[in-house]
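Results of the structural survey
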Amino acid sequence: AQKVTQAQTEISVVEKEDVTLDCVYETRDTTYYLFWYKQPPSGELVFLIRRNSFDEQNEISGRYSWNFQKSTSSFNFTITASQVVDSAVYFCALSEAFRAAGNKLTFGGGTRVLVKP
Amino acid sequence: DGGITQSPKYLFRKEGQNVTLSCEQNLNHDAMYWYRQDPGQGLRLIYYSQIVNDFQKGDIAEGYSVSREKKESFPLTVTSAQKNPTAFYLCASSPRTSGGINEQFFGPGTRLTVL
């Protein structure tokens, strides 16, 4: 069975500090996909990144960066120079490779990030 | 604008009543999904559909039913058999591809409260 663990339930930082969100996953599949989503107070989930299991290259997008380490089954997310608008709940999710039965996402419990001015 | 709409935003129901949550998408996506989110928790999959007139149970389908008569619509009915229906419900869709996985796009959600 697949499992995603986000051990940090809440992180509070002051604006301009960096914040790293941890994500550890479990799967028996050799091919899988990992995602990060942001849920602002409005409630709608916003897609941030997708990574497949064969691509361990780290990625940077503006103030966001992701560190994928297959050896430790981790897919961590860092926000550099945080801003108040980054305050949200962030979810890590895992999907099996595509099968006819469907694309099922397994979500972690989420990490609430509070950025104080 | 392309996107996913869910209605209503807030819904109140008396115990013992069935209620239907609407989800419509104009993204031309083949697959659609329903998730439930409880306070302080992640999302759990209720039902999903990859094609019209076909759908599969997710991890917590008991007490729920769905239909997929049109590509753009995937309504969810919360029946009286659902023991604890108060939650935030999110609908999502994704394009179907022959290989690989695409991200799911989410609607704004419906907050259901049972009185």
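None of the values given here were measured: they were computed from a predicted structure. (Residues numbered from 1 in each chain as written. Chains lettered and ligands numbered in written order. Predicted model: local features only at pLDDT ≥ 70, side-chain atom pairs only at ≥ 80, totals over all residues. Heavy atoms only, no water.)

A separate point is a nonpolar patch on the surface. Where nonpolar side chains cluster on the molecular surface, the patch consists of Tyr 10, Phe 12 and Leu 115 of chain B and spans about 390 Å² of accessible area. Its relative accessible area of 52% is what places Tyr 10 of chain B among the exposed residues. (Patch = residues over 30% accessible without salt bridge, like charges linked within 9 Å, V, L, I, M, F, W, Y side chains within 5 Å. Areas by Shrake-Rupley, 256 points an atom, 1.4 Å probe, with all protein chains shown as cover. Salt bridge = Lys/Arg side-chain N within 4 Å of Asp/Glu carboxyl O. Buried < 20%, exposed > 50% of the residue type's maximum accessible area, 1.4 Å probe, protein only.)

A separate point is the nonpolar core. Nonpolar side chains tend to gather and get buried jointly when the protein is soluble and globular. Residue and element names in this part refer to chain A. Of all hydrophobic cores here, the largest spans 23 residues; its most connected members are Leu 21, Trp 36, Phe 77 and Tyr 90. Elements that contribute at least two residues to this core include exactly strand 2 (10-14), strand 3 (19-21), strand 5 (32-39), strand 8 (64-69), strand 9 (74-79), strand 10 (88-96) and strand 12 (111-116). Per element, the largest residue contribution to this core is four residues, and it comes from strand 10. When neighbours within four sequence positions are excluded, Phe 77 is seen to be in contact with Val 19, Thr 20, Leu 21, Trp 36, Leu 48, Tyr 64, Ser 65, Trp 66 and Tyr 90. (Core = buried A, V, L, I, M, F, W, Y, C linked by side-chain atoms within 4.5 Å. Helix = DSSP H or I, 4+ residues; strand = E, 2+ residues; numbered from the N terminus. Contact = heavy atoms within 4.5 Å.)

With that out of the way, let us pick up the interface of chain A and chain B. Contact residues are listed per partner, giving 25 residues for chain A and 25 residues for chain B. Between chain A and chain B, the buried area comes to about 2000 Å², and carbon and sulfur atoms account for 54% of it. If you look at where chain A meets chain B, you find two salt bridges. In this structure, the salt-bridge partner of Arg 50 of chain A is Glu 103 of chain B, at a minimum N-O distance of 2.9 Å. Counting across the interface, chain A meets chain B through three residue pairs in polar contact (both at pLDDT 80 or more). Elements with a contribution of two residues or more to the side of chain A that touches chain B: strand 5, strand 6 (46-52), strand 10 and strand 11 (105-107) of chain A. (Buried area = accessible area lost by both parts, 1.4 Å probe. Polar contact = N/O pair within 3.5 Å; in protein donor to acceptor, adjacent residues only side chain to side chain.)

The subject of this paragraph is the layout of surface pockets. In this structure, the largest pocket occupies an estimated 500 Å³ of space. Lining the largest pocket are 27 residues, with Gln 39, Val 89 and Arg 112 of chain A together with Gln 37 and Gly 40 of chain B sitting closest to its centre. For the lining of the largest pocket, the secondary-structure elements that each account for two or more residues are strand 10 and strand 12 of chain A. The space that makes up the second largest pocket amounts to roughly 300 Å³. Lining the second largest pocket are 15 residues, with Gln 2, Leu 105, Thr 106 and Phe 107 of chain A together with Asp 59 of chain B positioned closest to its centre. By residue class, the composition of the lining of the second largest pocket is six nonpolar, four polar and five charged. (1 Å grid on protein atoms, 1.4 Å probe; cavity = no way out; pocket = protein on both sides within 12 Å on 5 of 7 lines; lining within 4 Å. Points joined across faces, edges and corners; volume = space filled by probe spheres on them. Nonpolar A, V, L, I, M, F, W, Y, C, P; charged D, E, K, R; others polar.)

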